[in-house]
Amino acid sequence: METVNIDIVSDVVCPWCYLGKNRLDQAIANVAGEINVAIQWRPYQLNPDLPPEGVDHKEHLAAKLGGQAAVDEAHRMLERFGVEDGIAFDFDAVRVSPNTLDAHRLIRWAATGGEAAQDQVVSLLFKANFEEGRNLGDHAVLLHIAEQAGLERPVIAALLASDADKDAVRQEIGMAREIGVTGVPCFIIEQQYAVMGAQSVEVLTSALREIAQMKAEHPAH
C-alpha cells in the first residue's frame with residue numbers, strides 16, 4: 001500500500017482551513033484500505049502583527065474585509081458549507097482575533113506525541129475558536145486543549161511560559177512564504193504538488209489516488 005505524504009500549511013483562525021481539514025479527513029476515509037496518508041501540520045499566520053493579547057474580532061474582521069456587510073455575507077456562505085461538512089460555525093461567539101504564534105507552538109509540540117496527537121490538537125483548536133468562541137491566544141485555553149489531547153500539562157505550561165520554538169515557527173512561516181504560499185489552506189503533497197484552498201472532497205480524493213498511482217508506477221530509487 002502506497003503512503004502519500006501531505007504537509008498542510010494552515011492557520012487555526014482560518015475558517016477555510018477548518019473546512020479543508022474536514023474535507024481532507026473525508027477524502028482520507030474514502031481511500032482507507034488502499035492508501036496510507038501521512039500528515040504534517042505546518043504553521044502560517046494570517047495576522048502575524050496582532051499583539052499577544054489579540055484584538056476585537058468584529059472590528060478587525062470588518063476592517064479587513066471592507067465592512068460589516070461583507071463579513072456577514074462571508075459568514076453566511078461559510079455556515080452553509082459548515083452544515084455540509086459537519087462544522088457548527090458560531091461566528092457570533094468569536095470575540096477575540098488572537099495572535100496564533102502560541103497555538104502554532106502547541107501544534108509543533110503535539111507532533112512529538114505522534115501524528116494522531118497533532119491531528120487532535122489541530123481539531124480541538126479549530127473547534128475551540130470557531131464553534132466555542134474561545135481565545136486561542138489564552139494559555140489557559142491552550143493548556144486545556146493540550147490536556148484533552150493527552151499531552152503533559154506541566155511540560156506544555158513550562159514551554160508556553162518560555163520562548164521555546166518561537167523562532168522555529170516564524171522560520172517555518174517564512175519558508176512557506178518563500179515557496180509561494182500566499183493563502184491557506186495549502187496542501188503540499190509529496191513536497192511537489194500544491195493544492196490550494198478548501199477543495200471539495202472529490203478533488204482531494206482524486207488527488208490522493210492519482211499521486212499514489214504515480215508513486216506506485218515510479219518508485220523512488
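Above this text sits the structure in question.
In this report, the structure presented in the accompanying data block is examined.

The rules behind the values
Residues numbered from 1 in each chain as written. Predicted model: local features only at pLDDT ≥ 70, side-chain atom pairs only at ≥ 80, totals over all residues. Heavy atoms only, no water. Buried < 20%, exposed > 50% of the residue type's maximum accessible area, 1.4 Å probe, protein only. Helix = DSSP H or I, 4+ residues; strand = E, 2+ residues; numbered from the N terminus. Contact = heavy atoms within 4.5 Å. Polar contact = N/O pair within 3.5 Å; in protein donor to acceptor, adjacent residues only side chain to side chain. Pairing = 2+ DSSP bridges. Axes fitted to C-alpha atoms, helices over the stretch in contact; angles between N-to-C directions. Parallel < 35°, antiparallel > 145°, perpendicular 65-115°, else oblique. Left-handed = near helix turned anticlockwise from the far one by under 90°. Nonpolar A, V, L, I, M, F, W, Y, C, P; charged D, E, K, R; others polar. Expected span 1.5 Å × (residues − 1). Core = buried A, V, L, I, M, F, W, Y, C linked by side-chain atoms within 4.5 Å.

**Considering helix H2 (residues 57-65)**
Thinking step 1. Taken together, the buried positions of H2 are occupied by His 57, His 60, Leu 61 and Ala 62.
Thinking step 2. Those residues of H2 that are buried are in contact with strand E3 (55-56), helix H3 (68-85) and strand E4 (96-97).
Thinking step 3. Of the residues that open H2, the one with a side-chain oxygen 3.1 Å from the backbone nitrogen of Lys 58 is Asp 56.
Thinking step 4. Just beyond H2, the residue with positive phi is Gly 66, at close to 90°.

**Some words on the sheet that holds strand E6 (residues 193-196)**
Thinking step 1. Taken in spatial order, the four strands make up an open sheet running E2-E1-E5-E6, and their pairing is mixed. Two strands lie at the open edges of the sheet, namely strand E2 (35-43) and E6, each paired on one side alone. Across the sheet, the mean angle separating the axes of adjacent strands is 25° when strand polarity is ignored.
Thinking step 2. Direction of pairing for strand E1 (residues 2-10) relative to strand E5 (residues 186-189): antiparallel, over a ladder of four bridges. When the sheet's bridge partners are listed, Val 9 is paired in E5 with Cys 186.

**Describing the packing of helix H1 (residues 15-30) against helix H9 (residues 201-217)**
Thinking step 1. Relative to each other, H1 and H9 sit at 50°, their axes nearing to 8 Å. When the interaxial angle is binned, H1 and H9 end up oblique. Handedness of the H1/H9 crossing: right-handed. On the side of H1, the interface is formed by Gly 20, Arg 23, Leu 24, Gln 26, Ala 27, Ile 28 and Asn 30, while H9 contributes Val 201, Leu 204, Thr 205, Leu 208 and Arg 209.
Thinking step 2. Across the contact of H1 with H9, the residue classes tally to six nonpolar, four polar and two charged.

**Some words on helix H5 (residues 115-130)**
Thinking step 1. Taking 1.5 Å of rise per residue, 16 residues should cover 22 Å, and H5 covers 23 Å from first to last C-alpha, within 8% of that figure.
Thinking step 2. Of the residues making up H5, those classed as buried are Ala 117, Gln 118, Val 121, Val 122, Leu 124, Leu 125, Phe 126, Ala 128, Asn 129 and Phe 130.

**Examining the nonpolar core**
Thinking step 1. With 58 residues, the main nonpolar core has Ile 6, Val 121, Leu 125 and Ile 145 as its most contacted residues.
Thinking step 2. No other element matches the seven residues that H5 contributes to this core.
Thinking step 3. Ignoring anything within four residues of it in the chain, the contact list for Leu 125 reads Val 12, Ala 103, Ile 107, Leu 136, Leu 142 and Ile 145.

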